[in-house]
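Notes for the structure review
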Amino acid sequence: MDYASFLHYISSCKDPVILVEGTRNLPDADRPALLRLAEMLAGRLPGAIFRTGNATGSDEAFAEGVCRVDASRLQYILPSSGMGKSRKNPSAYSVAVENISSVEEPELVYRTKQATPANARLIDRFVQREKGQAYAKSLYLLRDTLKVTGSAEQGLAPASLGIFYVDRSREGGGGGGTGHTLRVCEQAGVPVILQEEWMQWLRENVQ
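Cut-offs and rules
Residues numbered from 1 in each chain as written. Predicted model: local features only at pLDDT ≥ 70, side-chain atom pairs only at ≥ 80, totals over all residues. Heavy atoms only, no water. Helix = DSSP H or I, 4+ residues; strand = E, 2+ residues; numbered from the N terminus. Buried < 20%, exposed > 50% of the residue type's maximum accessible area, 1.4 Å probe, protein only. Phe/Tyr/Trp six-rings, centres within 6.5 Å; stacked < 30°, edge-to-face > 60°. Lys NZ or Arg CZ within 6 Å of the ring centre and 35° of its normal.

**Quick look at unusual backbone geometry**
Even without a glycine there, the phi angle at D15 is positive, about 50°. Among the structural elements, D15 can be located in the loop between helix 1 (3-11) and strand 1 (17-22). Of the residues examined, D15 reaches a relative accessible area of 54% and is grouped as exposed. Phi angles above zero are rare outside glycine, and N54 is one such case at about 65°. Within the secondary structure, N54 sits in the loop between strand 2 (49-52) and helix 3 (58-70). For N54, a relative accessible area of 2% translates into the label buried.

**Comments concerning the packing of aromatic side chains**
The geometry of an aromatic ring pair is captured by two quantities: the separation of the ring centres and the angle between the planes. Across all of its chains, the model carries five aromatic pairs by this definition. Residues F126 and Y135 carry aromatic rings whose centres are separated by 5.9 Å and whose planes lie at 25° to one another, so their mutual orientation is stacked. Of the two residues, F126 and Y135, neither departs from the other in class, the shared state being buried. Through pairs of rings, three or more aromatic residues link up here, namely Y3, F6 and W201. In this structure, R129 is placed above the aromatic ring of F126, and the distance from its NZ or CZ to the ring centre is 4.3 Å.

What follows is the structure in structure tokens.
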């Protein structure tokens, strides 16, 4: 998607929510590009909300760029409320998987299993509240699904579009949490833009 098409699409969305996220394995050389893009989009799109997972690497860089413009338009979706406290901007909004009610939980579980069936047994540990390593891992996958699907009860609209920085050795092949998020986007019909596309925007010096 070129930049003009992106702007046209976002303008057609009422109260757009843009995912900005990706791999933890962000090369230092590329970090300034994520900052620049997020800062540019937050300034160019004052009506947009930006949503991320508060992980280190790509999430953190994108979030910093948004916060340089307006931290109140940033949403953190977390596996648990205590995750990454030192990285959270106090002016941003945050929701954790533990905040999801028993009414919304079944749909979140279903969509998570649908996107990555290989992890169905892992997600069952969450449903059964079997605390341990598997339960902890399940929270991250559910968090990644929640970023896309949103939560009406928590005031989270579904994502309109996702902007990602992927690690081609993992997420490019469908692995990791980012790979899972990409599959949730695909199944929900949410367009995604990867770094090959949005870095071209920066090379063209778009505003």
